[in-house]
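# Architecture at a glance
Here is what each chain is made of, one letter per residue.
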Amino acid sequence: MVKQETKKVKLLSPKLDVVFQALFGEEGSERITKDFLETILNEKITEIDLSKNAILRREKIKEKLGILDVMVKINGKENCDIEMQIVEQTDIIERILYYWSKIYVKGIRKGERYEKLQRAIVILITDKNIKELEDISKYHTKWKIIETESRKKILTDKLEIHIIETEKIKNEKNDKDKLLDWLTFLNNPESERVKEKMKENENLKEAKEKLNKMSEDEKMEQIVWWREKAILDENSNRSAAYDKGNEEGKKEKSKQG
């Protein structure tokens, strides 16, 4: 009897926001997301709540999906927003601050005292280097409000923004860097580092197994197809708008000449 070869499934990219949201935002992913967040925030988390995230595979598929993020309630009180970004944005810093402000004010109801406001955290993970951070070689930066002269005094611990640029991990080799393990998984879930670290980290192994199952899910495959099409269309429209503006600028200069 001839043994049939098992067809190898092509893994979906964890960096695509719809895949990232399904991996880390769905209820049932608490252990994965908790480990990932503890590594980024460098603190112990006792509990997380993922119930505010829509489960994409239950939603009606649309050609244009909005910005997808992962909302996490930490320790029953603090709000954290994680966004995976693969489309280059010129106003990314302003957008992060806007997101943070929206999350921060969610922590209080009308008529309540301001002291009830809790720490709000925004985590941006991007595979495009950010222009404003070109002079910083670190792939992970943490931002707060500080006093400008001493650069030591922090005004408040309630504003916290983390920016992770995965493009900057290419030359990182630290074998003990747990965050690097997770980011390598996002960049290339089939890499040798991920295979080795799965033996040590059960949560990383669980994430890889979930990704394997998602990659065999026809509904998820269709959602990914729609999302990739929407991204291509957006990039194409931006390119066309840039070319048009460039051409009009040349014509205007020619007239002035």
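Structure first, text after, so check above.
Conventions we followed
Residues numbered from 1 in each chain as written. Predicted model: local features only at pLDDT ≥ 70, side-chain atom pairs only at ≥ 80, totals over all residues. Heavy atoms only, no water. Helix = DSSP H or I, 4+ residues; strand = E, 2+ residues; numbered from the N terminus. Buried < 20%, exposed > 50% of the residue type's maximum accessible area, 1.4 Å probe, protein only. Contact = heavy atoms within 4.5 Å. Expected span 1.5 Å × (residues − 1). Polar contact = N/O pair within 3.5 Å; in protein donor to acceptor, adjacent residues only side chain to side chain. Pairing = 2+ DSSP bridges. Axes fitted to C-alpha atoms, helices over the stretch in contact; angles between N-to-C directions. Salt bridge = Lys/Arg side-chain N within 4 Å of Asp/Glu carboxyl O. Parallel < 35°, antiparallel > 145°, perpendicular 65-115°, else oblique. Left-handed = near helix turned anticlockwise from the far one by under 90°. Core = buried A, V, L, I, M, F, W, Y, C linked by side-chain atoms within 4.5 Å. Phe/Tyr/Trp six-rings, centres within 6.5 Å; stacked < 30°, edge-to-face > 60°.

## So, the overall build of the chain
From N to C terminus, the chain includes seven helices and six strands. Reading the chain from its N end, one meets helices and strands in the order α-α-β-β-β-α-β-β-β-α-α-α-α. Put simply, the chain has 257 residues, and 42% of those count as buried. For the chain, contacts bridging at least 24 residues in sequence account for 64% of all contacts bridging at least 6.

## Structural notes on helix 3 (residues 92-105)
Compared with the 20 Å implied by 1.5 Å per residue over 14 residues, the 20 Å span of helix 3 between its first and last C-alpha is a close match. Of all the positions in helix 3, only I92, R95, I96, Y99, W100, I103 and Y104 are classed as buried.

## A few points about the side chain of K168
Structurally, the position occupied by K168 is in the loop between strand 6 (159-165) and helix 4 (178-187). From its side chain, K168 meets the backbone oxygen of L133 in a polar contact 3.0 Å long. Other than its neighbours up to four places away in sequence, K168 contacts N129, L133, I136, S137, K138 and Y139.

## Digging into the sheet that holds strand 3 (residues 78-85)
An order of 1-2-3-4-6-5 is seen for the six strands of this open sheet, with the pairing classed as mixed. Two strands in the sheet have a free side with no partner beyond their single neighbour: strand 1 (48-49) and strand 5 (140-143). Across four bridges, strand 5 lies against strand 6 in antiparallel orientation. When the bridges of strand 6 are listed, K142 appears paired with H162. Packed onto the sheet, helix 1 (residues 17-25) meets strand 2 (69-74), strand 3 and strand 4 (120-126) and runs at close to 20 degrees relative to strand 2.

## Brief notes about the pattern of salt bridges
Summed over all chains, the structure comprises 20 salt bridges. Here K195 and E192 are joined by a salt bridge, their closest N and O atoms 3.6 Å apart. Of this pair, K195 and E192 both sit in helix 5 (residues 192-197), separated by three residues, roughly a single helical turn.

## So, the packing of helix 1 against helix 6 (residues 202-215)
Packed helices, taken two at a time, are described by the angle between their axes plus the distance between the axes. It is at 10 Å that the axes of helix 1 and helix 6 come closest, and there the two elements cross at 125 degrees. In terms of orientation, helix 1 and helix 6 fall into the oblique class. The crossing of helix 1 and helix 6 is right-handed. For the pair helix 1 and helix 6, the contacting residues are V19, A22 and L23 in the first and A207, K210, L211 and M214 in the second.

## Re the environment of L23
Here L23 lies in helix 1. Its relative accessible area of 0% is what places L23 among the buried residues. For the pair L23 and V70, spaced 47 residues apart in the sequence, the C-alpha separation amounts to 9.7 Å. Excluding residues that lie within four positions of it along the chain, L23 makes contacts with P14, S29, I32, F185, A207, K210, L211 and M214.

## So, the nonpolar core
Within the largest apolar cluster, 47 residues are counted, with the highest numbers of intra-cluster contacts made by V19 and I123. Every element with two or more residues in this core is listed here: helix 1, helix 2 (30-41), strand 2, strand 3, strand 4, helix 4, helix 6 and helix 7 (218-256). Once residues within four sequence positions are removed from consideration, V19 is found in contact with L12, S13, P14, L211, M214, M220 and V224. Formed by 15 residues, the second largest nonpolar core is a distinct cluster that contains I92, Y104, A120 and I163.

## Regarding the side chain of E206
Among the structural elements, E206 can be located in helix 6. By relative accessible area, which is 18% here, E206 ends up buried. Other than its neighbours up to four places away in sequence, E206 contacts G28, R31 and I32.

## Some words on the packing of aromatic side chains
Counted according to the given criterion, the structure contains nine aromatic pairs. Seen in terms of ring centroids, F20 and F24 are 4.8 Å apart; in terms of plane orientation they differ by 40 degrees. Their pairing is tilted. Of this pair, F20 and F24 both sit in helix 1, four residues apart, roughly one helical turn. On the accessibility criterion, F20 (2% relative accessible area) is buried. Consider the rings of W100 and Y104, whose centres lie 4.7 Å apart with planes at 15 degrees: the pair is stacked. Here W100 pairs with Y104, and both are found in helix 3, just four residues apart, close to one helical turn. Residues W100 and Y104 agree in their burial class; the two are buried.

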